[in-house]
Amino acid sequence: MKQLGWLQLMKKITNTLGSKKLALPYEAADFIKTMSLRLQIAYKIQYVKSRIDEIKERISKSDDGFEVKSSLEQGPSSSRGVTLKNFVEAPTYMDEANPIVGFEAPRAQLIDWLENGKGDRIVISVVGMGGQGKITLVRKIFDSKKMLHKFCKYWNESPPLTTDRGSLIEEVRKYLKEKRILITTRNLDVAKSCMKSSLVKVHQLQPLTLEKSLELFCKTTFRDMNGRCPGELVNISSEIVEKCQELQKNSRLDVMEKLLGFSYDDLPYHLKSCFLYFGMYPKDYEVRSKRLIRDWIAEGFVKDQELGKNTLEDVAEGYLTELISGSLVQVSSICIDGKVKACRVHDLLRELILRKCKDLSFCHYASEDDRSISVLSRRLSIPGTSKDLTRSIESSPIRSLLFFTRRDELPEYLVQRILTKYMLKILDFEGANLKHVPDNLGNLIHLKYLSFKCHTKITSLPKSIGKLHNLETLITVGTNMNKMPNEISKLKKLRHLQANSVSLIELKDNIGGMESLQTLSHADIDEAGVELIRKLGMLKQLRKLSLWDVRKKHASALCSSINEMRHLEKLFIVAYSKIEVIDLHFISSLPMLRRLVLEVKLNKLPEWIPKLENLVKLTLRWSS
């Protein structure tokens, strides 16, 4: 073919040059070059046509019913290579010789719902993120002759006399009309919307495990051995699967970005910011929902206009629910009352988030290999304490800073620079090894969120903390602190104060003025006594109260103060002694209480406890 092409080319050149009265050398060279390029294009077109013919021939042999047409054959109204008509008329069963690994349990669950569900119409929804295999799972159930005959037998209906795809589809449609409807969707709200008219079953699809990935690899690689991997190849096969998961993730990232882009693009602006914020956390990190929600609030993602009777935390919780319903966020653990305790994003989604964050300069997660950071982002997460890395952030306009550096102690010079160079809103040392808080902490006058949780070894907070008038969350759980400075009482916007068995004696005169408090946990009241407890009754917005070292003499004042907390959802009372009886019978109904822990000695169960309509967990210790 190539020889013929060149002969035709040379003949055309000869005829063309022969017809000219004068042909300069450069004209001939230019003409040859042009014709050569055209010939190459022609070869490529011919190759594409031959490939299309091969595909059409192969498809016609498999009788799949899909028809590939060129754009000219399709006409102006068609924009796809597969016509809609033939897509609808696709065969109703696939080749069952190729089993799909990892869908055994979901397939069994769905079949059970299909066969044993009650009612004339049931909508069964398979929910999962884009590209996870929802349609594959559903086709694996319905594209089976065996299952078709089983359904017909179950409903006392005769199976189709033929497997002609037209009549078969018509029979299946008639069967599904009033019996069973199975849909796939990325959005949980789509499934829930069917509840008004039908009984709804929902199956949330989970990613393939490493074990199932290895099984799939072996079935594909060792077909002649019935999918059994030789013993001497087990280790290397496992290594290949682990590598393949990384390669597959990278190779599919562009495709997945397009698929998942639809879900992201459909999000309202405020939810996009909330979703991208997951880029601030390490890979495979399970973030506590409370931490995430408070971060969102400090960032300003939660809008006051949506409040009504709700708190900012309630609105933010609704945001998280929307992201979970859209299959963009995975629930990793739940509380006993059904609320989300911790969540995470899939590795693929995290990669897409990091890409998006980089494009938008939304945030930056510095990997441990980063030697320097040159970003315009105002949000930064640091997993290490490299000197090159920490020095390079000095010129960045950072407003939110999270540390995940448990192994290394944060150098004092770095902490000093943070407190003098940045106008931070969020400063989270939760994952850091910190020994001391500098006296100039009060420089961060814009700070809204401050955490020293877990691995910090600090023993006290500087008095300058009283200058942080915008602070909303202060967490010192897990530190070596045993007292709160009196200056804490100046923080009128403080909503959440979480400590670790910390005495409030310094706050007994002014704590009643902290009227924005919603959380007050692990507070010791032994030394502060009755006077402090009475002041707690002024904190009418409290949602969570945890008091330690309670004595018999505190009972009357404690009951009186708790009766003023109409929004209380969680109440923890721990007595100073296991022997001393504490009378808590004078507490009236707490309509919002969901969790109650009483580590006190009681003579009998208080009458108000059985009347708690929203209580989901009750813990009683030290009582007979």
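On average, residues of the protein carry a pLDDT of 77, and 70% of them reach 70 or more. No element of the protein has a lower mean pLDDT than helix H4 (residues 84-88), at 34, and none a higher one than helix H13 (residues 289-299), at 96. This stretch, residues 16-26, has a pLDDT under 50; its non-local contacts, to residues over four places away or in other chains, come to four contacts.

What follows covers the sheet that holds strand S5 (residues 330-334). The strand order across the open sheet built from three strands is S4-S6-S5, with neighbouring strands paired in antiparallel fashion. Two strands close off the open sheet at either side, each with one partner strand: strand S4 (287-288) and S5. In the sheet, S5 pairs with strand S6 (residues 340-344) via four bridges, with the strands oriented antiparallel. Residue pairing for S6: valine 331 is matched across the bridge by cysteine 343.

Overall, the coordinates contain 13 salt bridges when judged by the stated rule. Across the pair aspartate 284 and arginine 344 runs a salt bridge, and its minimum N-O distance is 3.4 Å. Remark: arginine 344 occurs in strand S6 and aspartate 284 occurs in the loop between helix H12 (269-276) and S4; sequence separation between them is 60 residues. The closest approach of N and O atoms between arginine 288 and glutamate 430, which form a salt bridge, is 2.8 Å. Taken together, the positions of arginine 288 in strand S4 and glutamate 430 in strand S10 (residues 426-433) put the pair 142 residues apart, joining distant regions of the chain. For arginine 288, a relative accessible area of 29% gives the class partly exposed.

Calculation criteria
- Residues numbered from 1 in each chain as written.
- Predicted model: local features only at pLDDT ≥ 70, side-chain atom pairs only at ≥ 80, totals over all residues.
- Heavy atoms only, no water.
- pLDDT = per-residue confidence, 0-100.
- Helix = DSSP H or I, 4+ residues; strand = E, 2+ residues; numbered from the N terminus.
- Contact = heavy atoms within 4.5 Å.
- Pairing = 2+ DSSP bridges.
- Salt bridge = Lys/Arg side-chain N within 4 Å of Asp/Glu carboxyl O.
- Buried < 20%, exposed > 50% of the residue type's maximum accessible area, 1.4 Å probe, protein only.

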